[in-house]
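Residue-level structural notes
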Amino acid sequence: MAVLTADKRVLHADLQGDSVRAASGSMVAYTGKVEFKSAGMGGGGGFRAALKQRVAGESISLMTCSGAGRVYLAQDAMDVTVVQLQNDRLTVESDHILAVTDGLQLDVQFAGLRGMTSGQGLATTTVTGTGQVAIMSEGPLIALAVTPGEPLVVDPDVYVAGTGQTQMSLVSGVSWRSVIGEDGGEPFSLRFEGNGTVYIQPAER
């Protein structure tokens, strides 16, 4: 199986006669015999998945890199983190996905969270199965634990992804922006309960 390794802002995808799906246009260099072709929107799932993505205003476009060699992937000088899934589920904002290994299923949902602060819809991709996912973030990705009985509250503009058995809800009222006088709409935060990990970036959109 292909192996993904993060080196700060570059992802190394080592192929051994297999393939990975990566964000279109993210290849910056490669060695060996590797072929690149468009995987379409979301890289599979047929008409239903494509329709879901259009409804969600989804902009993710993936390409398939297959063969034997090393592919170097990067995008907008963003930091890269590789998350290992073992029969698990990762929920991640679609524009933060850099690459996924074979064996992982992608499904697009519409959460609509960011629209309240930035006027943009939030297209969320659920990645399930066993394999590796490379996530991009503005600054080093920060992993925060969610444990039973100890809810985690985060600013929606720094939320990137989450794993495990967690439930997310909106908390209205005081937000960071309203405290510092930069609130442009109804203040709210994201509240996570359950058991899992939430990933945030140290920069707001």
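A few points on the structure. (Residues numbered from 1 in each chain as written. Predicted model: local features only at pLDDT ≥ 70, side-chain atom pairs only at ≥ 80, totals over all residues. Heavy atoms only, no water.)

Here the focus is the side chain of T166. Take T166: it is sitting in strand 11 (residues 159-172). Not counting chain neighbours up to four residues away, the residues in contact with T166 comprise R89, V146, F192, E193, G194, N195 and G196. (Helix = DSSP H or I, 4+ residues; strand = E, 2+ residues; numbered from the N terminus. Contact = heavy atoms within 4.5 Å.)

The next thing to look at is the packing of aromatic side chains. Evaluation of the coordinates by the stated rule reveals two aromatic pairs. On the basis of an interplanar angle of 65° and a centroid distance of 5.1 Å, the ring pair of Y30 and F36 is categorised as edge-to-face. Of the residues examined, Y30 reaches a relative accessible area of 39% and is grouped as partly exposed. (Phe/Tyr/Trp six-rings, centres within 6.5 Å; stacked < 30°, edge-to-face > 60°. Buried < 20%, exposed > 50% of the residue type's maximum accessible area, 1.4 Å probe, protein only.)

The grouping of M27, Y30 and F36 at the surface amounts to a nonpolar patch, some 240 Å² of accessible area in total. Examined against the element boundaries, Y30 turns out to sit in strand 3 (residues 27-40). (Patch = residues over 30% accessible without salt bridge, like charges linked within 9 Å, V, L, I, M, F, W, Y side chains within 5 Å. Areas by Shrake-Rupley, 256 points an atom, 1.4 Å probe, with all protein chains shown as cover. Salt bridge = Lys/Arg side-chain N within 4 Å of Asp/Glu carboxyl O.)

Right, let's get into the pairing of strand 12 (residues 188-200). Pairing of strand 9 (residues 142-146) with strand 12, which is carried by five bridges, proceeds in the antiparallel orientation. Its bridge partner being in strand 12, A145 is matched across the sheet by T197. Bridge analysis of strand 10 (residues 152-154) against strand 12 gives three bridges, and the strand direction is antiparallel. Along strand 12, the bridge assignment pairs L152 with F192. (Pairing = 2+ DSSP bridges.)

Moving on, we get to the nonpolar core. Ranked by internal contacts, the top residues of the largest apolar core, which has 19 residues, are L11, C65, L73 and L98. Take this core: its biggest share by element is six residues, from strand 2 (residues 10-23). Leave out the neighbours within four places in its chain, and C65 touches L15, D18, S19, V20, A22, V34, E35, F36 and V71. Core analysis: the second largest hydrophobic core is formed by 16 residues, I97, V127, V133 and Y199 among them. (Core = buried A, V, L, I, M, F, W, Y, C linked by side-chain atoms within 4.5 Å.)

Relative to the assigned elements, V153 resides in strand 10. When its relative accessible area of 39% is taken as the criterion, V153 is described as partly exposed. It is 5.5 Å that separates the C-alpha atoms of V153 and L190, two residues lying 37 residues apart in sequence.

In the Ramachandran plot, D76 falls in the positive-phi region, its phi being about 55° despite a non-glycine side chain. The topology assignment puts D76 in the loop between strand 4 (62-73) and strand 5 (79-93). Residue D76 is classed as exposed on the basis of its relative accessible area, which comes to 67%. Residues other than glycine seldom take positive phi values, yet A77 does so here, at roughly 55°. Inspection of the secondary structure puts A77 in the loop between strand 4 and strand 5.

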